2 protein chains.
Amino acid sequence: MLTPTVVSNSTVRRSSRTPAANARTSTRCSNCAMRHLCMPQGLTVDELPKLEALICNARSVRRGDFVYRAGDPFENLFVARSGSLKTVMAHRDGREQVTALRLAGDPLGLDGISTGMHTASAVALEDSSVCIIPYPALKHMCRETGAMQDRLHRLMSEQIIRESSQMMVLGSLSADERVAAFLLDVSERNGQRGYSHAEFNLRMTREDMGSYLGMTLETVSRTLSRFQKRGLIDAQGKLIRIIDLESLRRL
Amino acid sequence: MLTPTVVSNSTVRRSSRTPAANARTSTRCSNCAMRHLCMPQGLTVDELPKLEALICNARSVRRGDFVYRAGDPFENLFVARSGSLKTVMAHRDGREQVTALRLAGDPLGLDGISTGMHTASAVALEDSSVCIIPYPALKHMCRETGAMQDRLHRLMSEQIIRESSQMMVLGSLSADERVAAFLLDVSERNGQRGYSHAEFNLRMTREDMGSYLGMTLETVSRTLSRFQKRGLIDAQGKLIRIIDLESLRRL
DNA sequence: CGCCCTATTGATGTATCTCAAAGTGCGTGG
DNA sequence: CCACGCACTTTGAGATACATCAATAGGGCG
């Protein structure tokens, strides 16, 4: 299966497992608590089994493992099922940047469709699992089922919007504003998933956050400290508690 | 038709025509020199007429006109047919940022699919024309024609990649590198369209470029001047000639 | 349970922004 | 088609937000 190819791996050295030893348990997605997120919104009863039969397997990925690497041939889409992951893109000179944080229900790998090759890598931030969706099967199903087609289009369009918004963050906001926007984004997405808006475990390092937000890890750390002093948040390492959501919004 | 909604218009004051007076000539796209770009790669002969009948009308937009505005209901996709356009997104506090430069053949409006409403605005940088593609008809056609489905998926995936790349530009590169990357990008896209790699008329203002690149117009101007002194480019206002492409690449 | 990755905080440097003032050229209207 | 005016561009000097370098402290994971 998908052989790992060239990719700087400076950001994942903390994984002591060899890539070849990736634990890959593969189970039906049917017992998946977040099954509804794997795609099927709006499908009729008789369409659902088709989906499950065709396209929904799960794979475990351990912290630091790649789901796919930049340069891998594109064969499957993935949906984060549990845990969290980041996507990382590399400039030719080796500089890397985190391009997204993916939580349960978020799609992974849409970038591969156009060239048949992944342009980014996806790395688990903690032990996680992802649903595997063979793209050809999905495409076929989209032609049979309008609801499925809608869902896929929506997912792609959502990613387009998400990325434009992040471009705005990177291009127009100050360091404080960026960090605040990021915390609010994670808070909201956590809430959407039925977890707390106010408290969450952010598995990214300060370096990951900095990379995602276009600033250094030191500035991220200083900003969080300042927010804490101002009584906006309470940050104990990776555990973030949002105290004054409104003030954060006003930035 | 689509009523204009709230949107700061600070960047389009140079258009002296009222929005209501937009000249909207609507012609068949069949006589369009860039018709192949409006979508149909890979369609069989008998599929092409279907496409033309269903979905390809053109609309003229004059410099400064909106093709759609943030907040407009999403009904159509567009493809730039001639000229060039920019997409602009607004933060709630009114700050605006250019999120893309669109040349002939580039799609517009994919952001609207997920919410049924455009999140960005599209503004013509010069007198231009766009093909209008009613989304419901396109969706229907994608279910009949695999080639069409592939094409749409590819377009969306390309935009996802393009935006990730721009995130890297904004998050990781210095001012010099950003400007160089932008010039190289425009040069390449110009070449792909059969025009010169080396010389092009960039209809964006320095302010637009700065907004797109996350820097001030002054820094853009200074950077271009410095590039010129170093013999990398020759910039006479909006007319850009690339002299030393290799050095620009090495940044 | 210990090591190393991660986080915090400080001091200093600098790339880029901001404010300002000319100069230029393009599009509009005559 | 030409001329005028306004928007755009250029360039400078000074201010600042953030990066960089550095050293210590903390905590999670193997």
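Residues numbered from 1 in each chain as written. Chains lettered and ligands numbered in written order. Predicted model: local features only at pLDDT ≥ 70, side-chain atom pairs only at ≥ 80, totals over all residues. Heavy atoms only, no water.

**Points about the protein's contact with DNA strand D**
Here comes step 1: Inspection of the region around DNA strand D gives 18 residues, with Thr219 and Arg222 of chain A together with Arg206, Arg222 and Ser225 of chain B positioned closest.
Here comes step 2: Of all DNA strand D atoms lying within 4 Å of any protein atom, the proportion belonging to sugar or phosphate reaches 60%.
Here comes step 3: Between a phosphate oxygen of DNA strand D and a side-chain N or O atom of Thr216 of chain A, the distance comes to 3.0 Å.
Here comes step 4: Elements that contribute at least two residues to the surface near DNA strand D include exactly helix H6 (217-229) of chain A together with helix H6 (217-229) of chain B. (Near = heavy atom within 4 Å. Polar contact = N/O pair within 3.5 Å; in protein donor to acceptor, adjacent residues only side chain to side chain. Helix = DSSP H or I, 4+ residues; strand = E, 2+ residues; numbered from the N terminus.)

**Section: the environment of Ala100 of chain A**
Residue and element names in this part refer to chain A.
Here comes step 1: Looking at the secondary structure, you find Ala100 in strand S6 (residues 96-103).
Here comes step 2: Ala100 sits 66 residues away from Gln166 along the chain, and the two C-alpha atoms are 9.1 Å apart.
Here comes step 3: Setting aside its immediate chain neighbours within four residues, Ala100 contacts Leu85, Lys86, Thr87 and Tyr212. (Contact = heavy atoms within 4.5 Å.)

**Section: the sheet that holds strand S12 (residues 239-242) of chain B**
Residue and element names in this part refer to chain B.
Here comes step 1: With antiparallel pairing, three strands are arranged side by side in an open sheet as S10-S12-S11. Two strands bound the open sheet, and with one partner strand each, they are strand S10 (199-201) and strand S11 (233-236). On average, each strand axis in the sheet is inclined to that of its neighbour by 15 degrees, with strand direction left out of account.
Here comes step 2: In terms of strand pairing, S10 meets S12 through three bridges, oriented antiparallel. (Pairing = 2+ DSSP bridges. Axes fitted to C-alpha atoms, helices over the stretch in contact; angles between N-to-C directions.)

**Notes on the sheet that holds strand S3 (residues 66-68) of chain A**
Here comes step 1: Strands sit in the order S3-S8-S5-S6 (chain A) across an open sheet of four strands; the sheet is antiparallel. Edge positions in the sheet fall to S3 and S6 of chain A, since each of these pairs with one other strand and no more. The average undirected angle you get between the axes of adjacent strands in this sheet is 30 degrees.
Here comes step 2: Note: strand S5 (residues 84-90) of chain A against S6 of chain A, seven bridges, orientation antiparallel. Pairing of Thr87 of chain A across the sheet is with Ala100 of chain A, part of S6 of chain A.
Here comes step 3: Strand contacts of helix H3 (residues 146-172) of chain B: S5 and S6 of chain A, with the helix running at about 125 degrees to S6 of chain A, the strand carrying the most contacts.

**A closer look at the pairing of strand S9 (residues 128-134) of chain A**
Residue and element names in this part refer to chain A.
Here comes step 1: The buried fraction of S9 amounts to six of the seven residues, a majority that puts the element mostly inside the structure.
Here comes step 2: Where strand S2 (residues 57-61) meets S9, five bridges bridge the pair, whose relative direction is antiparallel. The residue bridging Asn57 from the neighbouring strand is Ile132, located in S9.
Here comes step 3: Where strand S4 (residues 76-82) and S9 come together, six bridges link them in antiparallel fashion. When the sheet's bridge partners are listed, Ala80 is paired in S9 with Val130. (Buried < 20%, exposed > 50% of the residue type's maximum accessible area, 1.4 Å probe, protein only.)

**Considerations on the relation of the copies chain A and chain B**
One copy of the chain maps onto the second through a rotation around an axis plus a translation along that axis.
Here comes step 1: The transformation that overlays chain A on chain B combines an axial shift of 0.0 Å with a rotation of 180 degrees, and the residual RMSD is 0.0 Å. Expressed as an axis order, the relation between the two copies is that of a two-fold axis. Taking C-alpha positions as reference, the residue of chain A nearest the rotation axis is Arg143 of chain A, located at 2.2 Å.
Here comes step 2: A share of 100% of interface residues in chain A that are also interface residues in chain B marks the association as one of identical surfaces. (Least-squares fit on C-alpha atoms with pLDDT ≥ 70 in both.)

**Some points on the pattern of salt bridges**
Here comes step 1: One pass over the structure, following the stated rule, counts 26 salt bridges over all chains.
Here comes step 2: A salt bridge links Asp150 of chain A to Lys139 of chain B, with the shortest nitrogen-to-oxygen separation between them at 2.8 Å. In this pair, Asp150 of chain A is assigned in helix H3 (residues 146-172) and Lys139 of chain B in helix H2 (residues 135-144), connecting two distinct chains.
Here comes step 3: Between Glu126 of chain B and Arg203 of chain B there is a salt bridge; the shortest N-O distance is 3.1 Å. Placement of the pair is Glu126 of chain B in the loop between strand S8 (121-124) and strand S9 (128-134) and Arg203 of chain B in the loop between S10 and helix H5 (206-213), with a sequence separation of 77 residues.
Here comes step 4: Judged by relative accessible area, which is 18%, Glu126 of chain B ranks as buried.
Here comes step 5: Overlapping salt bridges, with partners in common, bring together Asp106, Arg162, Asp185, Arg189 and Arg193 of chain A in one network. (Salt bridge = Lys/Arg side-chain N within 4 Å of Asp/Glu carboxyl O.)

**So, the UniProt feature "domain: HTH crp-type" (unreviewed entry) in chain A**
Here comes step 1: According to UniProt, the feature "domain: HTH crp-type" (unreviewed entry) maps to residues 173-246 of chain A in the numbering used here.
Here comes step 2: As annotated, residues 173-246 of chain A has a helix share of 55% and a strand share of 15%, and its two end C-alpha atoms lie 18 Å apart. (UniProt positions renumbered as here; feature names shortened; annotations may be inferred.)

**So, the interface of chain A and chain B**
Here comes step 1: Facing the 46 residues of chain A at the interface are 46 residues of chain B.
Here comes step 2: Between chain A and chain B, the buried area comes to about 4100 Å², and carbon and sulfur atoms account for 59% of it.
Here comes step 3: For the interface between chain A and chain B, the tally reads four salt bridges.
Here comes step 4: Put simply, Glu177 of chain B and Arg95 of chain A hold a salt bridge, and the shortest N to O gap is 2.9 Å.
Here comes step 5: On the surface where chain A and chain B come into contact, there are 29 residue pairs in polar contact (both at pLDDT 80 or more).
Here comes step 6: It is H3 of chain A that contributes the most residues to the side of chain A that touches chain B, 21 residues altogether.
Here comes step 7: The class makeup of the residues in the side of chain A that touches chain B is 15 nonpolar, 19 polar and 12 charged. (Buried area = accessible area lost by both parts, 1.4 Å probe. Nonpolar A, V, L, I, M, F, W, Y, C, P; charged D, E, K, R; others polar.)

**With respect to the protein's contact with DNA strand C**
Here comes step 1: With respect to spatial proximity, 18 residues lie near DNA strand C, and among them Arg206, Arg222 and Ser225 of chain A together with Ala175 and Thr219 of chain B are the closest.
Here comes step 2: When the atoms of DNA strand C within 4 Å of the protein are grouped by moiety, sugar and phosphate amount to 59% of the total.
Here comes step 3: Ser221 of chain A has a polar side-chain atom sitting 2.8 Å from a phosphate oxygen of DNA strand C.
Here comes step 4: Those elements that place two or more of their residues in the surface near DNA strand C are H6 of chain A together with H6 of chain B.
Here comes step 5: Among the elements that line the surface near DNA strand C, the one with the most residues is H6 of chain A, at five residues.
Here comes step 6: Across the surface near DNA strand C, the residue classes tally to three nonpolar, seven polar and eight charged.

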